[in-house]
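Here's the letter readout for the chains.
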Amino acid sequence: MWDLASGKLLRSITDAHPPGTAILHIKFTDDPTLAICNDSGGSVFELSFKRVMGVRTCESRCLFSGSKGEVCCIEPLHAKVDLRDHPITQYSLLAMASLTKILVIGLKPSLKVWMTFPYGRMDPSSVPLLAWHFVAVQNSVNPMLAFCRGDVVYFLLVKRDDSGAIHVTKQRQLHLHYDLINFTWINSRTAVLLDSVEKLHVIDRQTQEELETIEISEVQLVYNSSHFKSLATGGNVSEALALVGEKACYQSISSCGGQVFYLGTKSVHVMTLRSWRERVDHLLKQERLTDALALAWSFYEGKAKAVVGLTGDTNKRKAVIADRMVEILLHYTDRALKKCPDQGKIQVMEQHFQDVVPVIVDYCLLLQRMDLLFNQIYDKMSENSVAKGIFLECLEPYILSDKLMGITAQVMKDLLLHFQDKNRLENLEACIVHMDITSLDIQQVVLLCWENRLYDAMIYVYNSGMNDFISPMEKLFKVIAPPLNAGKSLTDEQVVMGNKLLVYISCCLAGRAYPLGDIPEDLVPLVKNQVFEFLIRLHSAEGSVDEEVYPYVRTLLHFDTREFLNVLALTFEDFKNDKQAVEYQQRIVDILLKVMVENSDFTPSQVGCLFTFLARQLAKPNNTLFVNRTLFDQVLEFLCSPDDDSRHSERQQVLLELLQAGGIVQFEESRLIQMAEKAEFYQICEFMYERQLRYDKIISCYLRDPLRKEEVFNYIHNILSMPGYSAEEKQLVWQKALDHIEELLVLSPGKAADLAAIHFSEQIESIISNLQDKFLLFQFLRSLLDPREGINQDLLHLPPCITEQFIELLSQYSPDQVLETLKVLEYCRLEETIQITQKHQLHEASSYLLEKKGDIHGAFLVMLERLQSKLLLLTQDDGSSVEPSLLENIEDTLMKTIALCQRNSHSLDQQQREALWFPLLEAMMSPQKSSGSSQCPFSESLKSLTMQVLNNMAAFIALPSILQRILQTLLETTTSLLNHDLHWSLCNLRASVTRGLTPKQDYCCICLQQYKRRQETADEIIVFSCGHLYHSLCLLSKECGVVTKGLMRWMCYKCNSSNKGGKLSENFSELKKGTAASLAQMSSESVLDPQQIQAFDQLCRLNRGTSRLALLTELARGGDKHGLLSVSHGDPATSSVFQNENFQLHLTPPPLAEE
């Protein structure tokens, strides 16, 4: 134990703790004779120092044994000098943290445990931390213990009650995202935390906000691991304590007087919080002036965190901060002017000052330093014209929000001139009406306002500056009165002025200032009287000789009668029932009547507005007005004038408003109804009948009113459905509606059907039977029975014949909608409905009903017949006349037929399926057989549709069956083609045989004599197809004739004489065998020469192929198999012709027959 003042060793203590353990902590309490130590065994000892007879002694007492849990951190409560008298200091509190819990004990007056708090589950390597500090909570100062282990900090508030007991209450928790190894208080609001990676975190206790983070790894902090592991005594400590010791740095960090000391391996570092002035100056050095102002203002408001250096009361602190902010603002202004870009676009300079000026104005207003803003700062800004303009423009939002009321005269003058130069007169006017009038040059402002038509500002200046409420009205009347009196329409600007005038008069009479605020209370009665006296003047001040009386009232009535009367009505509401107010009311009413009733230049609407206004006033319970009842009769005559058809709806609406406002008491009801009916004022009639509870009469009013006919349905429904009406009244309305049901149907069949279903369900059959108009009946039934119309079918109980009657009418008037309607109809008899659809040839509807009935085949046949008829139309048209719509209809019908087959194929057997699909396939293929397929324009479309049929039927019909049907079709088609070919050949042969032959010369080619001169009876003339002519006797002499089967056959002598040789007899033998022949009259044949015979043989070889008979036979055999390409492995003689490698199809069209 050392005396630090003298450096003298006072005592050496050898028995303070058990030998073989290391000292972890030793700390004095506030009592200098009492210290606490903690060893590596986890025990805590109290050291009491005494001096007896000049001898220094030390007594040690064990406060906590390590056998009950190892304590590794202790923290006695220290109080500052000014808190030494705090009542809790007498207990000498000590906080201890073991590896599992913390304890708070009192050493005086006797040892006592006040609190035990277990940690719960946490990281065993984390370091327990304790720190005391006195804090102000709820207007009292008490010690607060912060403890943590890991990443959660707990705050415990320690209090002493009146009985002397200590209470420890848990406050808030601070959850962190890092593990702590040290917790140090700097002051009662701020703590510095050190995490396991050696980062310092400055935390505000109340808000738990992290204010700053600093890396201190360069300090090279000294850790106390060797003591916790007790290396000097052989490491005889527990594993848990040694694990905690890895991060322990208790003895390397200490705090005193707001400073924190950190012991490094080579140096000691001190951390302190900057004072408020240093923090501001730090931002200024970085030229962050806006941030500096914001920080200073947070100091001014007392919202800043970790504030150091501000002392004294609140006003004193604010004064100090305000002075510093003024310095910053002046510096900010100088810097803004200095940093302004000298070159570049004007927009860049404007943007620069737009960023700066609002900040300066804001803080000047916050500090309430208008003198600074409009003197020093404005003078500086005025040096730059751009800065000055931006400064003046930036004042506008503050003026409009009433944050800136008073402006110096010079600034206000500059402001007016600037806005005038910029032509921002509306902004200028808005600013003027928010300004303190004392800061304005009234003469300048009035002149400016009148020249630029700033009427709001002008009125404000007159009212506030001169207490003159009449002059503005006179000026405005002079503008709008002349065109109104001349009957001219007003310009938009004049309309705006008139509206302003009405609003101004309303404000004055209501005691409100225009355009905002209130008139001073002592001036309110005076202003009201002045305005009324002005309005009811007999003549204007500068009126001409022929001016009509009451010009101001007349002008306002012509401008907007309704709004002017509304202003008067509001004014009458505010008037107290004193004698003067009553006189004013009666006087203004008399003037209104005189002006409007005695003149014919007011519209019915304007006159009606006046009497509506009067009726409302007369209907008030405390009414004091008097109006002659005869005037109301005159108004009734005027509005109901039957010889005037103009403004009919306007006159009716005016009279209705008059009656609703209470004017009904001014009229005789029977006369009123009579005149209203004569004038066709059906709304008036309704109003009167409703007063008389004659609701059935109102139905006629609706039906006769062309503008409100549609509303009759809602009216009838409401009367019959809603409570509040008697049974007799409802019965009269019900009967009236039933009598006019046909008229209601003509008006709206849908709404009438809805009404009938709800209220006349039992009379529907009689209604139907009484309707003579078939189309109207159709509309009624459609609205009634079609569920898509929205009527609840459960309300209807109609016989089936009604539904069939509807289907019949629907088939006549809307056949296209029959199918869709049948799909949604809930009640219909199938047999009768099918007869109706078949009668009207509605094939799709008939098919649908047959399918619904269960007759699938019948439904299919209907659709198939429909499809075949359309295909027939297609094949009958030539290629150029086929319409695309016909193909689309065919495709649509086909798709519906396919859908029918698909829907029902699942419930049919194979034979029944084939009965559906194969006729459909045949129907699609038949037009392709009959037409010359590829040459038809619609062949591709038909092929595509046929493919769709095949693709869809493949899911229901076996593939072999489909192929067999295709083969049969091919066989039939081939047979048809062959028959057609044979027919053509026979026709061609017949044409060739019967054709006459023309000889090339008129003499015999053998005797060279003319055939005409020879008169031998037995001789005949032979003409060959080659054109040579012979006498029969001459040919016989040349042996060119031969008898075959009793017939003489001839050959042309000349054509065969060149190569007659030995081949003539061969040619004859071939002719006899029938291998070659020449057609000639009289069955004559020609003999081929050897070259011709050789060429003919070559031609036969080239064109030699399988006979047609063989092809047909093979196809007939193949029809029993599942394909054409069956392979035969037997004798080549019996193999299929299709397996012959020389098999070819010569598909060339036949030649045209010679004419």
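Residues numbered from 1 in each chain as written. Predicted model: local features only at pLDDT ≥ 70, side-chain atom pairs only at ≥ 80, totals over all residues. Heavy atoms only, no water.

Peer 1: Teacher, can you tell me more about the overall build of the protein here?
Peer 2: The helix and strand inventory of the protein stands at 43 helices and 25 strands. Within the protein, buried positions represent 44% of all 1155 residues. Within the structure as shown, the protein displays about 61,300 Å² of accessible surface, and the carbon and sulfur contribution to it stands at 50%. (Helix = DSSP H or I, 4+ residues; strand = E, 2+ residues; numbered from the N terminus. Buried < 20%, exposed > 50% of the residue type's maximum accessible area, 1.4 Å probe, protein only. Areas by Shrake-Rupley, 256 points an atom, 1.4 Å probe, with all protein chains shown as cover.)

Peer 1: So what exactly am I meant to see when it comes to the sheet that holds strand 20 (residues 259–263) here?
Peer 2: Note on sheets: strands pair through backbone hydrogen bonds, and any given pair is parallel or antiparallel. An order of 19-20-21 is seen for the three strands of this open sheet, with the pairing classed as antiparallel. Single-partner strands in this sheet number two, and they are strand 19 (253–256) and strand 21 (268–272). Each neighbouring strand pair of the sheet contributes to a mean axis angle of 25°, computed without reference to strand direction. Bridge count for strand 19 against strand 20 is four bridges, and the pairing is antiparallel. Counterpart to serine 255 in the pairing with strand 20 is valine 260. (Pairing = 2+ DSSP bridges. Axes fitted to C-alpha atoms, helices over the stretch in contact; angles between N-to-C directions.)

Peer 1: For this particular structure, what's the right way to read the sheet that holds strand 14 (residues 166–175)?
Peer 2: Read from one edge to the other, the open sheet built from four strands follows the order 11-12-13-14, with strand pairing classed as antiparallel. Two strands bound the open sheet, and with one partner strand each, they are strand 11 (129–137) and strand 14. The average angle at which neighbouring strand axes cross in this sheet is 25°, direction not considered.

Peer 1: Looking at this structure, how should I read the packing of aromatic side chains?
Peer 2: Each aromatic ring pair is specified by the distance between its two centres and by the angle formed by the two planes. Going through the model one piece at a time under the given rule, you end up with 25 aromatic pairs. Summarising the aromatic geometry, the rings of tyrosine 695 and tyrosine 725 are spaced 5.0 Å apart at their centres and angled 90° between planes, so their arrangement reads as edge-to-face. With tyrosine 695 in helix 23 (residues 695–704) and tyrosine 725 in the loop between helix 24 (712–721) and helix 25 (727–739), the pair connects residues that are 30 residues apart, well separated along the chain. Tyrosine 695 gets classed as buried once you look at its relative accessible area, which sits at 9%. Of the residues examined, tyrosine 725 reaches a relative accessible area of 24% and is grouped as partly exposed. (Phe/Tyr/Trp six-rings, centres within 6.5 Å; stacked < 30°, edge-to-face > 60°.)

Peer 1: I'm lost on the nonpolar core in this one. Help?
Peer 2: A general tendency of soluble globular proteins is for nonpolar side chains to be buried together. Counting residues in hydrophobic clusters, the biggest one holds 239 residues, and the most contacted among them are Phe391, Ile432, Phe611, Leu655 and Phe780. With near-sequence residues (within four places) excluded, leucine 655 lies in contact with Leu636, Leu639, Cys640, Leu672, Phe681 and Ile684. If you look at the next biggest cluster of nonpolar residues, it comprises 54 residues, including Met115, Leu129, Val153 and Trp185. (Core = buried A, V, L, I, M, F, W, Y, C linked by side-chain atoms within 4.5 Å. Contact = heavy atoms within 4.5 Å.)

Peer 1: Help me understand the side chain of serine 748, please; the structure alone is not making it clear to me.
Peer 2: Mapped onto the fold, serine 748 is located in the loop between helix 26 (741–747) and helix 27 (749–759). The class for serine 748 is buried, based on a relative accessible area of 12%. Not counting the four nearest positions on each side in its chain, serine 748 is found in contact with Glu710 and Phe713.

Peer 1: Got a minute to help me understand a nonpolar patch on the surface in this structure?
Peer 2: Residues Leu982, Leu986, Leu989 and Val993 make up a contiguous nonpolar surface patch of roughly 370 Å² in combined accessible area. Tracing the backbone shows leucine 982 in helix 38 (residues 959–993). Its relative accessible area of 46% is what places leucine 982 among the partly exposed residues. (Patch = residues over 30% accessible without salt bridge, like charges linked within 9 Å, V, L, I, M, F, W, Y side chains within 5 Å. Salt bridge = Lys/Arg side-chain N within 4 Å of Asp/Glu carboxyl O.)

Peer 1: I keep staring at helix 4 (residues 289–301) and nothing clicks. Help me out?
Peer 2: Side chains three or four residues apart in an α-helix point the same way, a direct result of the helix having 3.6 residues per turn. The first and last C-alpha atoms of helix 4 sit 18 Å apart over 13 residues, in line with the 18 Å expected at 1.5 Å per residue. In the segment just after helix 4, glycine 302 is the residue with positive phi, at about 80°. (Expected span 1.5 Å × (residues − 1).)

Peer 1: Got a minute to help me understand the pattern of salt bridges in this structure?
Peer 2: When the charged atoms of two side chains with opposite charge come close together, those side chains can pair. Following the criterion strictly, the structure yields 30 salt bridges and no others. One salt bridge connects lysine 823 with glutamate 820, and the closest N-O pair in it is separated by 3.8 Å. You can see lysine 823 and its partner glutamate 820 sitting in helix 31 (residues 818–824), three residues apart, about one turn around the helix. Sharing partners across several salt bridges, the network here consists of Asp281, Arg324 and Glu327.

Peer 1: Explain helix 9 (residues 409–421) here, please?
Peer 2: Spanning 13 residues, helix 9 covers 18 Å between terminal C-alpha atoms, matching the ideal 18 Å at 1.5 Å per step. All of the buried residues in helix 9 are Val411, Met412, Asp414, Leu415, Leu416, His418 and Phe419. Where the residues of helix 9 are buried, they touch helix 7 (370–381), helix 8 (385–400), helix 10 (425–432) and helix 11 (442–451). Of the residues one or two after helix 9, asparagine 423 is the one with positive phi, at around 60°.

Peer 1: What exactly am I supposed to notice about the pairing of strand 18 (residues 210–215) here?
Peer 2: On a regular strand, one side chain projects to one face of the sheet and the next to the other, so that they alternate. Across five bridges, strand 17 (residues 199–204) lies against strand 18 in antiparallel orientation. For histidine 201, the partnering residue across the bridge sits in strand 18 and is threonine 213. Linkage of strand 17 to strand 18, two consecutive antiparallel strands, is achieved through a turn of five residues, within which glutamine 208 is found at a positive phi near 60°.

Peer 1: What is the right way to look at the confidence of the model for the protein in this model?
Peer 2: Parts of the prediction with low pLDDT should not have their coordinates interpreted in detail. Averaged over all residues, the pLDDT of the protein equals 80, while 87% of them reach at least 70. Here residues 1059–1086 is modelled with pLDDT under 50, and outside its nearest four sequence neighbours on either side it reaches 68 contacts, counting other chains as well. Within the model, the stretch residues 1119–1134 combines pLDDT values under 50 with 15 contacts to residues more than four positions away or in other chains. (pLDDT = per-residue confidence, 0-100.)

Peer 1: Help me out: how do you make sense of the state of the cysteines in this one?
Peer 2: Throughout this description, disulfide means a covalent bond between two cysteine sulfur atoms. For the structure shown, the criterion picks out zero disulfides. With no disulfide of its own, cysteine 701 has cysteine 685 as its nearest cysteine by sulfur position, at a separation of 4.8 Å. (Disulfide = S-S within 2.5 Å.)

Peer 1: Honestly, the pairing of strand 16 (residues 190–195) in this entry has me stumped. Any pointers?
Peer 2: Taken across its six residues, strand 16 has six buried, putting it largely inside the fold. The two faces of strand 16 match: Thr190, Val192 and Leu194 on one face and Ala191, Leu193 and Asp195 on the other face are all buried. Alignment of strand 15 (residues 180–185) against strand 16, held across five bridges, turns out to be antiparallel. Bridge pairing links threonine 184 to valine 192 in strand 16. The hairpin turn running from strand 15 into strand 16, its antiparallel successor, is four residues long. In the sheet, strand 16 pairs with strand 17 via five bridges, with the strands oriented antiparallel.

Peer 1: I keep staring at the packing of helix 8 against helix 9 and nothing clicks. Help me out?
Peer 2: Packing of helix 8 against helix 9 leaves a shortest axis separation of 10 Å and a crossing angle of 100°. In terms of their interaxial angle, helix 8 and helix 9 are classed as roughly perpendicular. On helix 9, the residues touching Lys388, Gly389, Leu392, Glu393, Leu395, Glu396 and Ile399 of helix 8 are Val411, Asp414, Leu415, His418 and Phe419. Looking at the contact of helix 8 with helix 9 residue by residue, the class counts come to six nonpolar, two polar and four charged. (Parallel < 35°, antiparallel > 145°, perpendicular 65-115°, else oblique. Nonpolar A, V, L, I, M, F, W, Y, C, P; charged D, E, K, R; others polar.)

Peer 1: I tried to follow unusual backbone geometry on my own but got confused; where do I start?
Peer 2: Excluding glycine, most residues fall at negative phi; most peptide bonds, likewise, are trans. Of note, the amide linkage connecting lysine 108 to proline 109 takes the cis form, showing an omega dihedral of -10°. On the secondary structure map, proline 109 appears in the loop between strand 9 (101–106) and strand 10 (112–118). Positive phi, close to 55°, is recorded for glutamine 138, a residue that is not glycine. Within the element layout of this structure, glutamine 138 appears in the loop between strand 11 and strand 12 (140–148).

Peer 1: Explain the environment of glycine 406 here, please?
Peer 2: Along the chain, glycine 406 turns up in the loop between helix 8 and helix 9. On the accessibility criterion, glycine 406 (38% relative accessible area) is partly exposed. Glycine 406 sits 34 residues away from leucine 440 along the chain, and the two C-alpha atoms are 9.7 Å apart.

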